[in-house]
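# Close look at the chain arrangement
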Amino acid sequence: MSTTTTLTTIKHFINGVETAGTGDRSQPVYNPATGQASAELRLANRADLDATVAAARAAADSWGDISLAKRTAVLFKFRELVAAHVDELAALITAEHGKVLSDAKGEIGRGLEVIEFACGIPQLLKGEYSDQVSTGIDVFSFREPLGVVAGITPFNFPVMVPLWMAPMAIAAGNAFILKPSERDPSASMLLAKLWKQAGLPDGVFQVLHGDKETVEGLLTHPDVDGISFVGSTPIAQYVHETATKHGKRVQALGGAKNHAIVLPDADLDNAADHLAAAAFGSAGERCMAISVAVAVGDAAELLVKKVQERALAVKVKNGIEPDADMGPVITPASKERIVRIVTEAEAAGAAMVVDGRELVVPGHEEGFWVGPTVIDHVTAEMSAYTEEIFGPVLVVVRVEDLDAGIKLINSNPYGNGTAIFTSSGAAARKFQRSVDVGMIGINVPLPVPVAYHSFGGWKASLFGDKHIYGPEGVSFYTRGKVITSRWPEATHASGASYNFPSN
């Protein structure tokens, strides 16, 4: 006797309600730990997109005029609701992404920090006033919302990255459309419900599911004023070029190849602990993951041995298991790509220190598993170095000294994050001033800035001139307006001149 499993249908959230939309396409959502489909995701068509943008445009006009006091009241309430639903959000992340529950809760925590920063929007939007710049004339400035903005977010942080964007945009007075990854869309739907429960007017936060067709529609729609994107570098570049061509403000964060230099004077146990965590946490599916360990001089042999020990000790399991350190990768295609790159490195002469290509997790044989992998003696010509692997793979490149390590980093096309492990303040200072990278860690492997700074890299890791969240996030989601004001007394109302005004 056969049984049929009925999959949950994940709908859009448009103008305050869940709706299947009018599109006739859908695709499955999988649990990466089991390899089984868990839901069916509705994909938007052009009519769904137009309806969403129209609702956002109408909502933006009124939300942008609401007082800061009322806006912040919603934000404070939303913050409390997210904090109260951490367990539920984390469970959704783990079920569709695969990362372990503790890591899922960690990403929600970082998202909460951005909500808390956005709660201070009245202070952040204060303008400037110059009295009596000319006789009887004052000049003042303030910032206004853009209007309708969209966020196109990746699979690897289905809560944190949307929270990097939406609270900032909404606090500044915009309406926000979220196009989340098709891989793990459920958490975004819960966020939408929490926004509504917090009192956010309908249309100010919406979720539109889709694929390339929906992305293209957002990039070119005349009523979308700004685009925030996080993803791979080729797509980030395309998003930036297409959306700017259509008159939109764009911040597009791309890929990374993050190096960590380890000097011989470093605490090698500490460095190995952090390298393993930064390389294998979240199965390496982080744009801030350390994927290249640059071992300097005498540090190499002992460092590789210590990292090997830690890689072999990683517990790879279903993320819901309480003692799991690492879960699966997101799709079979991701696994195939990771395995291909590792195999190419081995064929090119690299040394396999720990090989995770054949990992099988008992009871989860159909899951998308790749174990922690460490490859030594990698060179800059190998695909394991040139490509963003986005998996639990740490490659080791050996160099003679700090200068050679800095040169290696600066020769790389990416400039997202980097780190140095050392006990020398002089070496750390030289490193931080010399590397062409946007975010730098000193004995910190994942230097993700706190919410009141801004996140973003250099070179091929960022397209556009504004980093995400923090002060630059406020700047991105607003535009400046400057007023020159004169209120002459009736008896002195003349004084007009054909000359350019001065004083």
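Relevant structure appears above.
Reference entry: report on the structure contained in this document. The shown structure was predicted, so the numbers you read here are calculated from the model rather than taken from an experiment.

## Observations concerning the sheet that holds strand β15 (residues 351–354)
One open sheet accounts for 7 strands, arranged β15-β16-β17-β14-β13-β19-β20; its pairing is mixed. In this open sheet, the two edge strands, each paired with only one partner strand, are β15 and β20 (439–442). Neighbour to neighbour, the strand axes of the sheet diverge by 20° on average, direction disregarded. Bridging between strand β19 (residues 417–421) and β20 involves 4 bridges; their strand directions are parallel. Across the sheet, I420 pairs through a bridge with I442, a residue of β20.

## Digging into helix α4 (residues 101–118)
Given a rise of 1.5 Å per residue, 18 residues ought to cover 26 Å, and the 26 Å separating the end C-alpha atoms of α4 matches this to within 8%. Against the buried residues of α4 lie α2 (68–84), α3 (86–96), α5 (121–124), α6 (160–171) and α16 (470–476).

## Some thoughts on the environment of A300
Within the fold, A300 resides in helix α11 (residues 299–313). When its relative accessible area of 3% is taken as the criterion, A300 is described as buried. For the pair A300 and V397, spaced 97 residues apart in sequence, the C-alpha separation works out to 8.9 Å. Filtering out sequence-adjacent residues up to four positions away, A300 remains in contact with A295 and R398.

## Observations regarding the nonpolar core
With 69 residues, the main nonpolar core has F176 and F205 as its most contacted residues. Residue contributions to this core peak at 10 residues, all from α6. Residue contacts for F205: discarding those within four places in its chain leaves F13, A166, I170, F176, L178, S188, L191, A192, W195 and L200. Counting residues in hydrophobic clusters, the runner-up holds 65 residues, among them I261, A283, V292 and V294.

## Overview of the pairing of strand β14 (residues 290–296)
For β14, the tally of buried residues reaches 7 of 7 residues, placing the bulk of the element in the interior. Relative to β14, strand β13 (residues 258–262) runs parallel, the two being bridged by 5 bridges. What sits directly across from V262, in β14, is A295. You can see the chain leave β13, run along helix α10 (residues 268–280) and come back into β14, and the turn it takes is right-handed. By the bridge criterion, 5 bridges tie β14 to strand β17 (residues 393–399) in an arrangement that is parallel. For A293, the partnering residue across the bridge sits in β17 and is V396.

Criteria and cut-off values
- All residue numbers here refer to positions counted from 1 along the written sequence of the relevant chain.
- The predicted nature of this model means local features are confined to residues of pLDDT at least 70 and side-chain atom pairs, given and counted, to a pLDDT of 80 or more, with totals for whole chains, interfaces and linings taken over all residues.
- Side-chain metrics in this entry use all non-hydrogen atoms of the structure; hydrogen atoms and water are not considered.
- Paired strands are those between which DSSP finds at least two bridges.
- Runs of H or I in DSSP of at least four residues are treated as helices and runs of E of at least two as strands, each being numbered from the N terminus.
- Under this scheme, a helix contributes an axis fitted over its contacting stretch, all axes are lines through C-alpha atoms, and angles between N-to-C directions fall in the 0 to 180 degree range.
- The span expected for a helix works out to 1.5 Å for each residue beyond the first.
- Contact between two residues is taken to exist if any of their heavy atoms lie within 4.5 Å; hydrogens are not considered.
- With a 1.4 Å probe rolled over the protein chains alone, any residue whose accessible area is under 20% of its type maximum counts as buried; one over 50% counts as exposed, and the rest are partly exposed.
- As used in this record, nonpolar core signifies buried Ala, Val, Leu, Ile, Met, Phe, Trp, Tyr and Cys residues forming a set joined through side-chain atoms within 4.5 Å.
- The handedness of a crossover follows from its direction of travel: if, with the strands pointing away from the viewer, the path from the first strand over the helix to the second runs clockwise, the crossover is right-handed.

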